[in-house]
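Reading the structure
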Amino acid sequence: MTRLWPGHPLYEALAQHPSCRTATIWRSLSPFWGEEYTVHLPLDFHHLAFYVLDEDTVGHDDTIGKISLSKEAITADPRGIDSWINLSRVDPDAEVQGEVYLAVQLLEDARGRCLRCHVRQARDLAPRDISGTSDPFARVFWGSHSLETSTIKKTRFPHWDEVLELRETRGTASPLRVELWDWDMVGKNDFLGMVEFTPQTLQQKPPNGWFRLLPFPRAEDSGGSLGALRLKVRLTEDRVLPSQCYQPLMDLLLESVQGPAEEDTTSPLAVLEELASGDCRQDLATKLVKLFLGQGLAGSFLDYLTRREVARTNDPNTLFRSNSLASKSMEQFMKLVGMRYLHEVLRPVISRVFEEKKYMELDPCKMDLNRSRRISFKGTPTEEQVRETSLGLLTGYLGSIMDAIVSSIGRCPLALRLAFKKLQQRVEERFPGVEHQDVKYLAISGFLFLRFFAPAILTPKLFDLRDQHADPQTSRSLLLLAKAVQSIGNLGQQLGQGKELWLAPLHPFLLQSISRVRDFLDQLVDVDGAEEAGGPACALVQPSTIVREGFLLKRKEEPGGLATRFAFKKRYFRLSGQDLSYSKTPEWQVHSSIPVSCIRAVERVDEGAFQLPHVMQVVTQDGTGVPHTTYLQCKNVNDLNQWLSALRKASAANQDKLAACHPGAFRSGRWTCCLQAERLAAGCSRTHSAVTLGDWSDPLDPDAEAQAVYRQLLLGRDQLSKQQRILGRSSTVPWKPALSLFLTTLRLKLLEDSSLDTAVDMGPGKDSDATDGARTEVLAQQRDATIHLLQVLDDLEQAHKEFQKQMAL
């Protein structure tokens, strides 16, 4: 169990600049979040920190403890980290960030050694003062001598440009240590970070460049007294090659879905299906769906996997019930193309459940009569009264949910309807007959209701339907609703069975809804046209589609002498693939806009710039090349991160992005961050255009997706090589033993149900000679396909080696 200090815990995952904030679990010492975040990071990412805080309604939140994981610790195991980790106390001397630029020379003359340390500048230092800045100075240690730079007031981006010379008599070589401190007039100075270089480094390769600041070395805190956090962290790091390198692999993948699926054993997709397992299967499914979406062949891809899944299934009751690659791919496809549809259908009802906070319970073992007293005006209600009232409330909410679903056919994305139509067709072909008439409905409802609607009702925060988790009472209500929707999606097959007989009062409503679901599914797949499901679009979000919207505070262009709080005005913003528009209210007809194509940077702004939290800047550049900055304040840190991520994704394809910008503001004739007096002075902090939160709206990146597929295929290269050797002997050994050995080695059970395998007759027959040639030809085709795939993998591996050589030069 998690042990935490009293309060309302939450945690923040911090990786340099990007951060994610969980929901707050109120009044709990053993909170359960169950939240998952994907953060896209630059390659120079070096550590990840988790802070657990106690949220306070008034005043600042209290920090309970932290966990810091280095990049090396996360990547030590390819599977990542999945364990309980003790929280440790937050040590101010360990809370460092930023970099320092040094140029060091080591000289020798008759008087001894001379070390010349040019302390040029630092950037992104930790804010130590209440104003959100620091007063930094540098202190240089070498041997028994030390010198200090001057102190630069109120900046996190100091420019010293000072050369410090230290002398030492001949003798044992000494290391060089440079410490950065925040000067305080009262009390002791605050530590900002340090760098240290060994004598060998000073002799062989004197430092010259940017160096990351490190904390003071200290003994590890075993922890335990502050509680522990259960974390599951996995880092995926890869270098993506130019597009032309992946074209042969892309050609093979696209050819796979166009050919026969049941007999396929050597295409990349067949190999991937055999290799994928566990957590990597969902990641792989997402990559493949996005890859084929970008090519306009998502429907063909899903149909390929469906044909293989249906061919190997004998019992229709188990169809798509496992977490196979086919099931995971359809699940991810629904999320990628149908998330907006899900929000339109469920958000109104889910919001009502959260806001009304009605007590609902049918299970007599969980019924709390005292808690439900408010539903009766005549004292404590009886169990029967609670059941009747709860039944009325549940059927009311369920009625609204079912009305929203069955009336949503016109809003369901065409790509999703076409995919379901093809799915139903394959199932009907495999399981014809009156006895299987419900299978075609169950195949679709198993995805749409059991894997999409029901999970979203149960955990609305994980589907972006709510910003916060439900409280225990609301969570129980959502669970009852999700169970009911799940039963409807199962077409009532298990009603009255199992341990939950207390759901019996709902059965009449559920049975009535099942006929509506059948009609809904019939209309859902009644779509004309042979248009490819998921194609030919090359983007998940069309340019005119609203990606994100909501109220933000916008700073006036020229606020003049206005106080900061009056300089920011509330406006309603809408972000699409074309522009960022804003107006006074959502209904306001007159609005202004910023073209997405003009965005050059989207960055956070230091709190000290305006003495306001959660401020970001959108830097644009028009045809004249003059930069313009728009400052926007968000309502909280999560809102800030989501807007940053959405804007960076929308402008991902823009050229001429800024490599650096100012995290402060130009006020009173100078930048508040670096104190430079020129408005057009070069930026003092690096931009982070690649740092985004991963979600369903991520832009398609075929090269990155092909790279992920290549890495997964590499895991099966040894198996493919063995397969090649077996098939290579097929011309010299009888076809029957070769085929038998081939099937045993690859463990591809699909062949056992294929037409090829059913044609195998190990005994003598009159058509044996006629079929031997055909079977030998099949083995030869399998061999050629295996050789081709191995060659493609070898070429990609060689391309990576060449790329690494170029990077090393």
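This text goes with the structure placed above it.
Worth saying up front: this structure is predicted, and the values here are computed from it rather than measured. (Residues numbered from 1 in each chain as written. Predicted model: local features only at pLDDT ≥ 70, side-chain atom pairs only at ≥ 80, totals over all residues. Heavy atoms only, no water.)

As a further point, take empty space enclosed by the protein. It is a probe the size of a water molecule, rolled over the atoms, that shows where empty space is left. By the definition in use, this model includes four cavities of 30 Å³ or more. Space inside the largest cavity adds up to approximately 70 Å³. At five residues, strand β20 (residues 599–605) tops the list of elements feeding residues into the lining of the largest cavity. Looking at side-chain class alone, the lining of the largest cavity contains four nonpolar, three polar and four charged residues. (1 Å grid on protein atoms, 1.4 Å probe; cavity = no way out; pocket = protein on both sides within 12 Å on 5 of 7 lines; lining within 4 Å. Points joined across faces, edges and corners; volume = space filled by probe spheres on them. Helix = DSSP H or I, 4+ residues; strand = E, 2+ residues; numbered from the N terminus. Nonpolar A, V, L, I, M, F, W, Y, C, P; charged D, E, K, R; others polar.)

To continue, consider the pairing of β20. Among the seven residues of β20, six are classified as buried, and the element is accordingly described as predominantly covered. The pairing of β20 with strand β21 (residues 615–621) spans six bridges and is classified as antiparallel. The partner of I599 across the bridge, within β21, is T620. (Buried < 20%, exposed > 50% of the residue type's maximum accessible area, 1.4 Å probe, protein only. Pairing = 2+ DSSP bridges.)

Applying the stated rule across the entire model yields 31 salt bridges. Between R352 and E356 there is a salt bridge, with its nearest N and O atoms 3.5 Å apart. Here the residue R352 and the residue E356 both occupy positions in helix α7 (residues 325–356), the gap between them amounting to four residues, near one helical turn. According to the relative accessible area criterion, E356 is partly exposed, its value standing at 36%. Between D639 and R548 there is a salt bridge; the shortest N-O distance is 2.8 Å. Of the two residues, D639 sits in helix α15 (residues 637–650) while R548 sits in strand β16 (residues 546–555), which places them 91 residues apart along the sequence. (Salt bridge = Lys/Arg side-chain N within 4 Å of Asp/Glu carboxyl O.)

With that settled, the discussion passes to the sheet that holds strand β22 (residues 627–633). Read across the open sheet, the seven strands follow the order β19-β18-β17-β16-β22-β21-β20; overall the sheet is antiparallel. In this open sheet, the two strands that pair with only one neighbour each are β19 (592–595) and β20. Across the sheet, the mean angle separating the axes of adjacent strands is 35° when strand polarity is ignored. Judged from the nine bridges that link them, β16 and strand β17 (residues 568–576) form a sheet pairing that is antiparallel. Note on β17: the bridge partner recorded for F551 is Y572. (Axes fitted to C-alpha atoms, helices over the stretch in contact; angles between N-to-C directions.)

Among the seven residues that make up strand β12 (residues 176–182), six are buried, leaving the element largely enclosed by the rest of the structure. Judged from the seven bridges that link them, strand β9 (residues 136–142) and β12 form a sheet pairing that is antiparallel. Residue pairing across strands places P136 opposite D182, the latter belonging to β12. Of the pairings in the sheet, the one linking β12 to strand β13 (residues 190–197) comprises seven bridges and is antiparallel in character. Each residue of the ladder has a partner; that of D182, found in β13, is D190.

Let us look at helix α10 (residues 439–458). Each α-helix turn comprises 3.6 residues. Residues three or four places apart therefore point the same way. The axis of α10 is deflected most strongly, by about 40°, at S445. Counted residue by residue, α10 has 17 buried out of 20 residues, so it is predominantly covered. (Bend = angle between axes of the 7 residues up to and from the residue.)

Our focus in this paragraph is the sheet that holds strand β7 (residues 99–109). Here we have four strands laid out as an open sheet, ordered β11-β8-β7-β14, and antiparallel in their pairing. If you trace the sheet from one side to the other, it starts and ends with β11 (159–168) and β14 (208–212), each paired once. Each adjacent strand pair in this sheet contributes to an overall mean axis angle of 25°, direction not counted. Strand direction decides the pairing type here: β7 and β14, joined by five bridges, are antiparallel. The partner of A103 across the bridge, within β14, is N208.

To continue, consider unusual backbone geometry. A positive phi angle is found at F320, which is not glycine, with a value near 60°. Inspection of the secondary structure puts F320 in the loop between α6 (298–312) and α7. Taking the relative accessible area as the measure of exposure, F320 reaches 4% and is therefore buried. Here Q611, not a glycine, exhibits a phi torsion of approximately 60°, which is positive. Take Q611: it is sitting in the loop between α14 (607–610) and β21. With relative accessibility at 49%, the residue Q611 sits in the partly exposed group.

Within the secondary structure layout, W33 lies in the loop between β2 (19–21) and β3 (38–40). Separated by 10 residues in sequence, W33 and A23 place their C-alpha atoms 7.4 Å apart. Engagement of the side chain of W33 in a polar contact is seen with the side chain of T22, the distance being 3.2 Å. (Polar contact = N/O pair within 3.5 Å; in protein donor to acceptor, adjacent residues only side chain to side chain.)

The next thing to look at is the packing of aromatic side chains. Applying the stated rule across the entire model yields 15 aromatic pairs. Between W181 and F216 the ring centres are 6.4 Å apart and the planes differ by 55°, which places this aromatic pair in the tilted class. Pair noted here: W181 is in strand β12 and F216 is in the loop between β14 and β15 (228–233), with a separation of 35 residues, a long-range link. Aromatic ring contacts, followed pair by pair, group Y341, F449, F452 and F453 into a single cluster. Positioned above the aromatic ring of W210 is the side chain of R123, whose terminal nitrogen or guanidinium carbon lies 3.7 Å from the ring centre. (Phe/Tyr/Trp six-rings, centres within 6.5 Å; stacked < 30°, edge-to-face > 60°. Lys NZ or Arg CZ within 6 Å of the ring centre and 35° of its normal.)

Here we come to the packing of helix α3 (residues 243–258) against helix α16 (residues 702–714). It is at 10 Å that the axes of α3 and α16 come closest, and there the two elements cross at 65°. Relative to α16, the element α3 is oriented roughly perpendicular. Of the two possible hands of crossing, α3 and α16 adopt the one that is left-handed. Residues S243, Y246, L249, M250 and L253 of α3 form the contact with α16, whose participating residues are D703, A706, Q707, V709, Y710 and L713. A per-class count over the contact of α3 with α16 returns eight nonpolar, two polar and one charged. (Parallel < 35°, antiparallel > 145°, perpendicular 65-115°, else oblique. Left-handed = near helix turned anticlockwise from the far one by under 90°. Contact = heavy atoms within 4.5 Å.)

Here the focus is a negative patch on the surface. There is a patch of like negative charges on the surface, built from D519, D522, D526 and D528. Tracing the backbone shows D526 in the loop between α12 (507–524) and β16. A residue is classified by how much of its surface remains accessible, and D526, at 57% relative accessible area, is exposed. (Patch = residues over 30% accessible without salt bridge, like charges linked within 9 Å, V, L, I, M, F, W, Y side chains within 5 Å. Areas by Shrake-Rupley, 256 points an atom, 1.4 Å probe, with all protein chains shown as cover. Lys, Arg positive; Asp, Glu negative; His and termini not counted. Charge placed at Lys NZ, Arg CZ, Asp CG, Glu CD.)

Another point: the environment of V618. With respect to the secondary-structure elements, V618 resides in strand β21. A relative accessible area of 0% means that V618 is categorised as buried. Along the backbone, V618 and T629 are 11 residues apart, and their C-alpha atoms lie at a distance of 5.7 Å. Leave out the neighbours within four places in its chain, and V618 touches I599, A601, H628, T629, T630, L632 and L647.

Function cannot be inferred from these measures alone, as they are strictly geometric.
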